[in-house]
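# Fold and geometry: a report
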Amino acid sequence: MKILFVSPDPKPQRWITLLQAALPDAQWIVWHADLPPQQADYALVWQPPAELFEREPGLKALFNLGAGVDALLRLPALPRTLPIYRLEDAGMSAQMAEYLLHQIAEITRSMPVYRQQQQQQIWKMQPPCRRHEWPIGFLGLGHISQKAARLLQLLEYPVSCWSRSPKQLDGIHSYSDDNELPAFLKNTRILINTLPLTPETAGCLNQSLFTQLPPNSVLINVGRGQHLQEQDLLSALDSGTLQQAVLDVFATEPLPAEHPFWKHPKITLTPHMSAPTLREETVRQITDKLKALAQGLTITGEVDRQRGY
Ligand code: OXD
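Moving on to the overall build of the chain. When you go through the chain residue by residue, the secondary structure sums to 10 helices and 12 strands. When the backbone C-alpha atoms are referred to their principal axes, the chain occupies close to 65 × 45 × 35 Å. Taking as baseline every contact in the chain between residues at least 6 positions apart, the subset at least 24 positions apart corresponds to 61%. Taken as a whole, the chain presents about 16100 Å² of accessible surface, with 52% of it coming from carbon and sulfur.

Next up, the structure:
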């Protein structure tokens, strides 16, 4: 079995060593622009170039080295019927939960105020967090964000979610479909976007959505930058519709130096680090799936090309 590793990672050998150890019978090959056709069976990919599909028409499936497949599905050269498997958790849900809990505690426990007080040597307790005043709503609740939702609920925050199809999660109020979106937004003060990016969801974080949230709400975007209408966010922050935004993803990454988000006093930003791909966990998951396929078993995580995730 020949398998290509196709990624902009500048140190692909770190992956190949682990992949070879986990699946020594396979021939692992690092893709580069001058590589002649290999007649490969599978490819592990992150942001692959279009030439991959011209040179390797015999690929039986792709394994995406991340959870989001939006960039891959946008490639015009991607064969329409080629199965794509995305990462399922692989250590991302714990990282995402930690990131979200941290960002939420920053806000609800007044941590920036305490940092300022320390500078001025002020010993003063701020009002305690009244959790019922901070209902948390997940826009989209897939593999990566469910752990965070459960932990926040254990911490006694009111937690709800909105998704295309209803979710069954104990104690988490599930809204679905467009007609339930206004009720979901009305009952959310910390809105966490974890939706997949599809033509339907692009630009969904916009003025019309922000104005349906209660006053002094907070937006946390860990989905994709293209979900957000940037100018609408700036207006919502300036007008007070939103109290604050925490952004981990951007339409252009790295965020350009002159971008107004960098210095906005009501924006906290991080460089797309909320839940990065972890090598060991990813190698284990993908090689287990390759072994299962070799035994003729079916595997989970296939992307629904119609839905786009
Ligand atoms: C992913 C990401 O899609 O890190 O996995 O954004």
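Picking up after the structure, the text goes on.
So, about the packing of aromatic side chains. To describe a pair of aromatic rings, one takes the distance between the centres and the angle between the planes. Inspection of the entire model under this criterion finds 5 aromatic pairs. Taking 5.3 Å as the distance between ring centres and 20° as the angle between the ring planes, the aromatic pair formed by F63 and Y85 counts as stacked. In this pair, F63 sits in strand β4 (residues 61–64) while Y85 sits in strand β5 (residues 84–85), placing the two residues 22 residues apart along the sequence. The pair F63 / Y85 is uniform in exposure class, with both members buried. Where F250 meets F261, the ring centres are 6.4 Å apart and the plane angle is 55°; that geometry is what we call tilted. One end of the pair, F250, is in the loop between β11 (242–247) and β12 (267–269); the other, F261, is in the loop between β11 and β12, and 11 residues separate them in sequence. Both residues of the pair, F250 and F261, count as buried.

Looking now at the environment of S208. Checked against the element boundaries, S208 lands in helix α8 (residues 207–210). Separated by 65 residues in the primary sequence, S208 and H143 have C-alpha atoms spaced 28 Å apart.

Right, let's get into the nonpolar core. Within the largest apolar cluster, 49 residues are counted, with the highest numbers of intra-cluster contacts made by W28, L44, L100, F138, I192 and I220. Per-element tally for this core: the top contributor is helix α4 (residues 92–108), with 7 residues. Composition of this core by domain shows at least three residues from each of domain 1 (2–90 + 277–294) and domain 2 (92–269). Residues contacting L44, with those up to four places away along its chain left out, are I3, L4, F5, V6, L19, W28, F63, L65 and I286. In terms of nonpolar packing, the next biggest core, distinct from the first, is built from 25 residues, Y175, F184, L185 and C204 among them.

With that settled, consider the pattern of salt bridges. Scanning the entire structure with this criterion turns up 9 salt bridges. Where K60 meets D41, a salt bridge forms, and the shortest distance between an N and an O atom there is 3.1 Å. Here K60, found in the loop between α2 (51–55) and β4, pairs with D41, found in the loop between β2 (27–30) and β3 (42–45); they are 19 residues apart in sequence, far enough to count as distant. Classification of D41 as buried rests on a relative accessible area of 18%. Here K289 and E88 are joined by a salt bridge, their closest N and O atoms 2.6 Å apart. On the criterion of sequence distance, the pair formed by K289 in helix α10 (residues 279–294) and E88 in the loop between β5 and α4 is long-range, its members being 201 residues apart. For the residue pair K289 and E88, the accessibility class agrees, reading buried in each case. Salt bridges here are not isolated pairs; linked through shared partners, they connect D70, R74 and R224.

Moving on: the layout of surface pockets. The space that makes up the second largest pocket amounts to roughly 170 Å³. Taken together, Q103, E106, I107, P112, Q243, Q244, V246 and T268 make up the full set of residues lining the second largest pocket. Every element with two or more residues in the lining of the second largest pocket is listed here: α4 and β11. Looking at side-chain class alone, the lining of the second largest pocket contains 3 nonpolar, 4 polar and 1 charged residues.

Moving on to the site of the ligand. Near the ligand the following residues occur: W46, G66, A67, G68, M92, R224, H272 and A275. Within the side chain of R224, one N or O atom sits 2.8 Å away from an oxygen atom of the ligand. Between the ligand and H272 there is a distance of 2.8 Å, counted from an oxygen atom to a side-chain nitrogen or oxygen. Calculation on the ligand without its partners gives an accessible area of 210 Å², and the protein chains cover 86% of this total. When grouped by side-chain class, the residues that make up the shell around the ligand number 4 nonpolar, 3 polar and 1 charged.

A few words on the state of the cysteines. This structure, assessed with the given rule, holds 0 disulfides. Between C161, a free cysteine, and C204, which holds the nearest cysteine sulfur, the sulfur-to-sulfur gap is 15 Å.

Calculation criteria
Residue positions within a chain follow its written sequence, with the count starting from 1. Owing to the predicted nature of the model, reporting of local features is limited to residues with pLDDT of at least 70; listing and counting of side-chain atom pairs is limited to 80 or more, with chain, interface and lining totals taken over all residues. Side-chain measures were taken over the full set of non-hydrogen atoms in the model, leaving aside hydrogen atoms and water. Put simply, DSSP marks the helices as runs of H or I at least four residues long and the strands as runs of E at least two long, and each gets a number from the N terminus on. When checking whether two residues touch, look at their non-hydrogen atoms; a contact exists if any pair is within 4.5 Å. Using a 1.4 Å probe, accessible areas were evaluated by the Shrake-Rupley method; residue-level cover was limited to the displayed protein chains. Aromatic rings from Phe, Tyr and Trp, taking only the six-membered ring of Trp, are treated as a pair when their centres fall within 6.5 Å; an angle between ring planes under 30 degrees marks them as stacked, one over 60 as edge-to-face, and anything in between as tilted. Each residue is assigned to one of three classes by its accessible area relative to the maximum for its type, calculated with a 1.4 Å probe on protein chains only: buried under 20%, partly exposed between the two thresholds, exposed over 50%. What makes a nonpolar core is a set of buried Ala, Val, Leu, Ile, Met, Phe, Trp, Tyr and Cys residues whose side-chain atoms join them at distances within 4.5 Å. For the domain bounds, the source is a domain assignment made automatically or taken from a database. We define a salt bridge as a side-chain nitrogen of Lys or Arg found within 4 Å of a carboxyl oxygen belonging to Asp or Glu. Using only the protein atoms, space was sampled on a 1 Å grid; points where a 1.4 Å probe fits but cannot get out form cavities, open sets with protein on both sides within 12 Å along at least five of seven lines form pockets, and lining residues are those with an atom within 4 Å of a point. Grid points are joined across faces, edges and corners, and a volume is the space filled by probe spheres set on the points. Residue classes follow a fixed rule: Ala, Val, Leu, Ile, Met, Phe, Trp, Tyr, Cys and Pro count as nonpolar, while Asp, Glu, Lys and Arg count as charged, and any other residue, Gly among them, counts as polar. Consider each residue's heavy atoms; a residue with any of them within 4 Å of a molecule or strand counts as near. Between N or O atoms, a polar contact is any pair within 3.5 Å; within protein, one atom must be a potential hydrogen donor and the other a potential acceptor, and residues adjacent in sequence are included only when both atoms are from side chains. The criterion for a disulfide is a pair of cysteine sulfur atoms lying within 2.5 Å.

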